[in-house]
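Coordinate inspection notes
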Amino acid sequence: AVRARSVGRIRLASSNTHVKPVIDGGYLSDPSDLATLREGIKLGRQIGNRADWGEFKGEEVFPGPNVQTDDEIDEYIRYTLHTANALTGTCKMGTGPDSVVGPDLCVRGVNNIRVV
């Protein structure tokens with residue numbers, strides 16, 4: 001399972017509510033996330049290259065046959081990663097002290113913020 005370790009952050013750019021917040025996704029800030037994605041590409045290749053695919057086996061398109069070394073795969077990941085396939089996480093909902101969001105959908109420790 002993919003469990004991102006990278007951490008981003010959102011912070012207010014201004015006390016003016018009409019000013020957009022500053023968002024830093026923090027993508028790949030933890031090296032283990034890059035390693036996980038790299039190994040996923042390698043595993044996908046192993047599965048895709050099995051003879052069992054027979055007539056259904058096609059040519060690799062992405063990252064492509066010219067991307068082979070760990071460094072090349074890492075470069076491919078860094079330059080193609082986007083929010084549609086980014087690693088994500090969740091937060092705990094509940095009433096316990098380790099929950100981030102309460103049953104009323106209010107984010108704990110932050111005024112006037114709800115998860116919708």
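Now for a look at the structure at hand. Because the structure is predicted, anything quoted here is derived from the model rather than measured.

The rules behind each value
- Residues numbered from 1 in each chain as written.
- Predicted model: local features only at pLDDT ≥ 70, side-chain atom pairs only at ≥ 80, totals over all residues.
- Heavy atoms only, no water.
- Helix = DSSP H or I, 4+ residues; strand = E, 2+ residues; numbered from the N terminus.
- Rg over C-alpha atoms; globule rule 2.2 N^0.38 Å.
- Contact = heavy atoms within 4.5 Å.
- Areas by Shrake-Rupley, 256 points an atom, 1.4 Å probe, with all protein chains shown as cover.
- Salt bridge = Lys/Arg side-chain N within 4 Å of Asp/Glu carboxyl O.
- Buried < 20%, exposed > 50% of the residue type's maximum accessible area, 1.4 Å probe, protein only.
- Axes fitted to C-alpha atoms, helices over the stretch in contact; angles between N-to-C directions.
- Parallel < 35°, antiparallel > 145°, perpendicular 65-115°, else oblique.
- Polar contact = N/O pair within 3.5 Å; in protein donor to acceptor, adjacent residues only side chain to side chain.

A closer look at the overall build of the chain
Along its length, the chain carries two helices and two strands. Listing the helices and strands of the chain from first to last along the sequence gives β-β-α-α. Since a compact globule built from 116 residues should have a radius of gyration of about 13 Å, the 20 Å found for the chain marks it as more spread out than a globular shape. If one aligns the C-alpha atoms of the chain with their principal axes, the spans along those axes are about 55 × 30 × 25 Å. Contacts in the chain between residues at least 24 apart in sequence constitute 32% of all its contacts with a sequence separation of at least 6. Surface exposure of the chain reaches about 9400 Å², of which carbon and sulfur atoms provide 54%.

Some words on the pattern of salt bridges
In this structure the tally under the stated criterion is six salt bridges. Asp70 serves as the salt-bridge partner of Lys42, at 2.7 Å between the closest nitrogen and oxygen. Here Lys42 is found in helix H1 (residues 31-48), whereas its partner Asp70 is found in helix H2 (residues 70-80), with 28 residues between them in sequence. For Lys42, a relative accessible area of 25% translates into the label partly exposed. Here Arg50 and Asp52 are joined by a salt bridge, their closest N and O atoms 2.5 Å apart. By relative accessible area, which is 46% here, Arg50 ends up partly exposed. With relative accessibility at 61%, the residue Asp52 sits in the exposed group.

Some remarks on the packing of H1 against H2
How two helices pack is summed up by the angle between their axes together with the distance between the axes. Following both chains from N to C, one finds H1 and H2 inclined at 110°, their axes separated by 10 Å at the closest point. Classified by the interaxial angle, the pair formed by H1 and H2 is roughly perpendicular. Together, Leu34, Leu37, Arg38, Ile41, Lys42 and Arg45 of H1 and Asp70, Ile73, Asp74, Tyr76, Ile77 and Arg78 of H2 make up the contact between the two elements.

Observations concerning the side chain of Ser6
Inspection of the secondary structure puts Ser6 in the segment before strand S1 (9-11). Polar contacts involving the side chain of Ser6 include one to the main-chain amide nitrogen of Leu28, which spans 3.4 Å. In terms of polar contacts, Ser6 uses its side chain to reach the backbone amide nitrogen of Ser29, at 3.0 Å. Ignoring sequence-local partners within four residues, the contact set of Ser6 consists of Gly26, Tyr27, Leu28, Ser29, Asp30 and Asp33.

What about the side chain of Arg45?
Relative to the helices and strands, Arg45 resides in helix H1. When its relative accessible area of 13% is taken as the criterion, Arg45 is described as buried. There is a polar contact of 3.0 Å between the side chain of Arg45 and the backbone oxygen of Gly64. The residues touching Arg45, leaving out its near neighbours within four places in the chain, are Glu60, Pro63, Gly64, Val67, Gln68 and Ile73.

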